[in-house]
Amino acid sequence: MDLYNLPVAGAQFENYCGGNLQGEHESCVDVAAIPGAESAFVVRDTKPEGAGLELRFTAEELDDFTRGWARKRSLTF
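Residues numbered from 1 in each chain as written. Predicted model: local features only at pLDDT ≥ 70, side-chain atom pairs only at ≥ 80, totals over all residues. Heavy atoms only, no water.

1. Considerations on the overall build of the protein chain
Okay, so step 1: Secondary structure assignment for the protein chain yields one helix and four strands.
Okay, so step 2: When the helices and strands of the protein chain are placed in sequence order, the string is β-β-β-β-α.
Okay, so step 3: Taking all 77 residues of the protein chain together, the buried fraction comes to 22%.
Okay, so step 4: Intrachain contacts of the protein chain at a sequence separation of at least 6 include 24% that bridge at least 24 residues. (Helix = DSSP H or I, 4+ residues; strand = E, 2+ residues; numbered from the N terminus. Buried < 20%, exposed > 50% of the residue type's maximum accessible area, 1.4 Å probe, protein only. Contact = heavy atoms within 4.5 Å.)

2. Details of the layout of surface pockets
Okay, so step 1: Volume-wise, the largest pocket comes out at about 360 Å³.
Okay, so step 2: What lines the largest pocket is a set of 14 residues, among which Tyr 16, Cys 28, Val 29, Val 31 and Val 43 lie closest to the centre.
Okay, so step 3: Those elements that provide at least two residues to the lining of the largest pocket are strand S1 (14–17), strand S2 (28–33), strand S3 (40–45) and strand S4 (54–58).
Okay, so step 4: Residues that form the lining of the largest pocket fall into these classes: eight nonpolar, two polar and four charged. (1 Å grid on protein atoms, 1.4 Å probe; cavity = no way out; pocket = protein on both sides within 12 Å on 5 of 7 lines; lining within 4 Å. Points joined across faces, edges and corners; volume = space filled by probe spheres on them. Nonpolar A, V, L, I, M, F, W, Y, C, P; charged D, E, K, R; others polar.)

3. Quick look at helix H1 (residues 59–72)
Okay, so step 1: Relative to the 20 Å expected for 14 residues at 1.5 Å per residue, H1 spans 20 Å between its end C-alpha atoms, a close match to the ideal helical length.
Okay, so step 2: The complete set of buried residues in H1 reads Ala 59, Leu 62 and Ala 70. Projected down its long axis, H1 carries its buried residues within an arc of 65 degrees, all on one side. The exposed residues of H1 that point more than 90 degrees off its buried face are Glu 60, Phe 65, Arg 71 and Lys 72. (Expected span 1.5 Å × (residues − 1). Arc of directions from axis to C-beta.)

4. Side note on the sheet that holds S3
Strands belonging to one sheet form pairs held by backbone hydrogen bonds; the direction of such a pair is parallel or antiparallel.
Okay, so step 1: Pairing is antiparallel across the open sheet formed by four strands, whose spatial order is S1-S2-S3-S4. Edge positions in the sheet fall to S1 and S4, since each has one partner strand and no second. The mean inter-strand angle of the sheet, taken between neighbouring strand axes irrespective of direction, is 25 degrees.
Okay, so step 2: The pairing of S3 with S4 spans five bridges and is antiparallel. Note on S4: the bridge partner recorded for Phe 41 is Phe 57.
Okay, so step 3: Here H1 sits on the sheet in contact with S3 and S4, set at roughly 100 degrees to S4. (Pairing = 2+ DSSP bridges. Axes fitted to C-alpha atoms, helices over the stretch in contact; angles between N-to-C directions.)

Right, here's the structure in full:
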């Protein structure tokens, strides 16, 4: 499935921020499930220079990234 051909209109984005406390230019990303697609997500930057740029992933890809990132950084949940 080509995730980049799926429309994201109506997606309910959640905002995740942290670390860079610079007001409106906080280090944030928005994440949303792609409507009508099973286990597909869109991730976008919220800073002005990242406006309009997005990446799309399957749930499996995001889960693999999350586990790897947590392991590399010795994070625990």
